[in-house]
Amino acid sequence: MSSTELPSVPASTVLPRVSPLEVEQGERVRSVGLPGVTLTVRSRPPRRAGLAPALFVHGLGGSSRNWSALMAELDGVVDGEALDLPGFGDSPPPDDGDYSVTGHARAVIRHLDAAGRGPVHLLGNSMGGAVATRVAAVRPDLVRTLTLVSPALPEIRIQRGAVPTGLLALPGVAALFTRWTRTWTAEQRVRGVMALCYGDPGRVSPEGFRSAVEEMERRLLLPYFWDAMARSARGIVNAYTLGGQHGLWRQAERVLAPTLLVYGGRDQLVSFRMAQRAARAFAGSRLLTLPQAGHVAMMEYPEVVATAFRELLAEADELPESAAGAATGGDETDGFDTEGAGS
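Residues numbered from 1 in each chain as written. Predicted model: local features only at pLDDT ≥ 70, side-chain atom pairs only at ≥ 80, totals over all residues. Heavy atoms only, no water.

A tally of regular secondary structure across the chain gives twelve helices and nine strands. A buried classification covers 55% of the 343 residues belonging to the chain. For the chain, contacts bridging at least 24 residues in sequence account for 76% of all contacts bridging at least 6. A total accessible area of about 14,700 Å² is found for the chain, and carbon and sulfur atoms account for 52% of it. (Helix = DSSP H or I, 4+ residues; strand = E, 2+ residues; numbered from the N terminus. Buried < 20%, exposed > 50% of the residue type's maximum accessible area, 1.4 Å probe, protein only. Contact = heavy atoms within 4.5 Å. Areas by Shrake-Rupley, 256 points an atom, 1.4 Å probe, with all protein chains shown as cover.)

Within the fold, valine 120 resides in strand 5 (residues 120-125). Note on valine 120: relative accessible area 0%, which makes it buried. C-alpha separation for the pair valine 120 and leucine 55, spaced 65 residues apart in sequence, amounts to 6.5 Å. Once you skip the residues sitting within four places of it in the chain, valine 120 turns out to touch Pro53, Ala54, Leu55, Leu112, Leu142, Val143, Arg144 and Thr145.

Turning to the side chain of glutamate 155, a few remarks are in order. As for its placement among the helices and strands, glutamate 155 is situated in the loop between strand 6 (143-149) and helix 4 (163-168). In this structure glutamate 155 is buried but unpaired, with arginine 273 as the nearest side chain of opposite charge at 4.1 Å. Among the polar contacts listed, one links the side chain of glutamate 155 to the backbone nitrogen of serine 271, at a separation of 3.1 Å. Contact partners of glutamate 155, with chain neighbours within four places excluded, come to Tyr240, Leu269, Val270, Ser271, Arg273 and Met274. (Lys, Arg positive; Asp, Glu negative; His and termini not counted. Salt bridge = Lys/Arg side-chain N within 4 Å of Asp/Glu carboxyl O. Polar contact = N/O pair within 3.5 Å; in protein donor to acceptor, adjacent residues only side chain to side chain.)

Now for the pairing of strand 2 (residues 37-43). The element strand 2 is largely enclosed, with a buried count of six among its seven residues. Note: strand 1 (residues 28-34) against strand 2, seven bridges, orientation antiparallel. Paired with glycine 33 across the strands is threonine 38, a residue of strand 2. Two successive antiparallel strands, strand 1 and strand 2, enclose a turn made up of two residues, where glycine 36 displays a positive phi of approximately 80°. Where strand 2 meets strand 4 (residues 79-84), four bridges bridge the pair, whose relative direction is antiparallel. Looking at strand 4, one finds that threonine 40 is bridged to aspartate 84. (Pairing = 2+ DSSP bridges.)

This paragraph deals with empty space enclosed by the protein. One pass over the structure, following the stated rule, counts three cavities of 30 Å³ or more. Computed from the structure, the second largest cavity encloses a volume of approximately 60 Å³. Lining the second largest cavity are Gly61, Gly87, Phe88, Gly89, Arg219, Leu222 and Phe225. Looking at the lining of the second largest cavity residue by residue, the classes come out as three nonpolar, three polar and one charged. (1 Å grid on protein atoms, 1.4 Å probe; cavity = no way out; pocket = protein on both sides within 12 Å on 5 of 7 lines; lining within 4 Å. Points joined across faces, edges and corners; volume = space filled by probe spheres on them. Nonpolar A, V, L, I, M, F, W, Y, C, P; charged D, E, K, R; others polar.)

A word on the environment of glutamate 187. Structurally, glutamate 187 can be placed in helix 6 (residues 186-197). Through-space distance from the C-alpha of glutamate 187 to that of glutamate 214 is 9.0 Å; in sequence the pair is 27 residues apart. With sequence-adjacent residues up to four places away left out, glutamate 187 is seen in contact with Phe209 and Val213.

Attention now goes to helix 6. For helix 6, built from twelve residues, the straight-helix expectation of 16 Å at 1.5 Å per residue is met to within 8% by its first-to-last C-alpha distance of 16 Å. Inspection of helix 6 places Ala186, Arg189, Val190, Met194 and Cys197 among the buried residues, and these make up the whole buried set. Around the axis of helix 6, the buried residues are gathered within 130° of arc, so they sit on the same side. Against the buried residues of helix 6 lie helix 7 (206-220), helix 8 (225-241) and helix 11 (297-300). (Expected span 1.5 Å × (residues − 1). Arc of directions from axis to C-beta.)

Oppositely charged side chains may form a pair once their charged atoms are brought near each other. The final tally for this structure, using the stated rule, is 16 salt bridges. Salt-bridge contacts for arginine 30 lead to glutamate 81; the nearest nitrogen and oxygen are separated by 2.8 Å. A residue pair is termed long-range when its members are at least 10 positions apart, and arginine 30 in strand 1 and glutamate 81 in strand 4 qualify at 51 residues. Taking relative accessible area as the criterion, arginine 30 reaches 35% and is therefore assigned partly exposed. Using a relative accessible area of 5% as the deciding quantity, one classes glutamate 81 as buried. Across the pair glutamate 81 and arginine 117 runs a salt bridge, and its minimum N-O distance is 3.3 Å. Of this pair, glutamate 81 sits in strand 4 while arginine 117 is found in the loop between helix 2 (101-115) and strand 5, placing the two residues 36 residues apart along the sequence. Residue arginine 117 is classed as buried on the basis of its relative accessible area of 15%. Beyond isolated ion pairs, a larger network of salt bridges with shared partners links Arg30, Asp79, Glu81 and Arg117.

See the structure below:
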C-alpha cells in the first residue's frame, strides 16, 4: 500500500458519532446484521398486503435516499426496500474491507437470502446497476425483473465527467484530494455533485438542496468516507477490466429477467451512446431514453421512470391488478422515448 493511500478502516473500529440519515415521510429505517456486514435498509410499509418485493441499490457516493422519490411513486405497486451498501449511507464498512462490485453484490445476495424476500424486482443506479447486473446473472432465482438507471457497465471511451472517479481509484489520490478540498464547504461540494449528476440542477428544490447539504456534512464526519469512496471506485475500474464469464457485459447477456434500461441524454458519467449496446446485451429489454436527464433519472424524473417500470411489470405479467390503470403512460411520458429494444 502506498504511504499516501488511505488505510482500510475495519467496521469493528468505526463508531462515528453523527446523526442518522434523514427519513422521508412514510419511510422506516432499520439495521440488518449479516455475516461480515451490517446493512441499513430503508423501506416504505406496503399500502396493502401481497405486493411483490422490490430492492433498490444506489450508486457510488449515494445512499438509499436516492430512491425515496421513486419508492413513493411506486407505493401500491411493490413492497419496496432500498439498502445502503457497505460503507455508504448509514451502513458501516464491511468486515473484510471488500468494496469490489462482487463484494457489494455479495452483500445484496446475503440480504435477500437472509430476508427470504426473493425473488424481487431489482433496481440499480450507476455502480448499483453493475451490482444488480451481477446479482441477476449469478442468482437468477432472486430476481423477478431488473431495472437499470445509467448502469456502470464497461466503456472503452469513458465520459470526461467520469475521469475523476477513475483517478480516485489510484493509490494516494483520495488522500491528496482530501487535503486539496479541505476548505470546501458542504454547499460547494453538493453543488459540484449536482452539476455532475443532474441534467438540470435547477430541478432540485430548496428543501432538497438543504437536505443534501445536511447529508454531505454528515458523511464528511465519517472516518471511513473517503476509504469507501476510493475502494469502491477501484472496484468499478477493476470490474471494467475483467474478461470472460466474469465480465459485466458477458454477465449482462446471461440475465434472464425482463429488463428495463434507463439512460439520460445529459449524463456526464455514463455515456448515452451505451444505451443501444446495453439494449442488445440484455435480451428482450425495454429502453427508456430521457434526453434532458442526467445520471440519476430516478431522482430527476421519478414519475416517468415509475411509469416505465409499471409498463415493464405489465409486460411481464407482474403488475398488481390495482395498479394496471397507471401503466398506460399517458402525457407524463411526453418528450421521452420508451421502446422494446432487445431482440
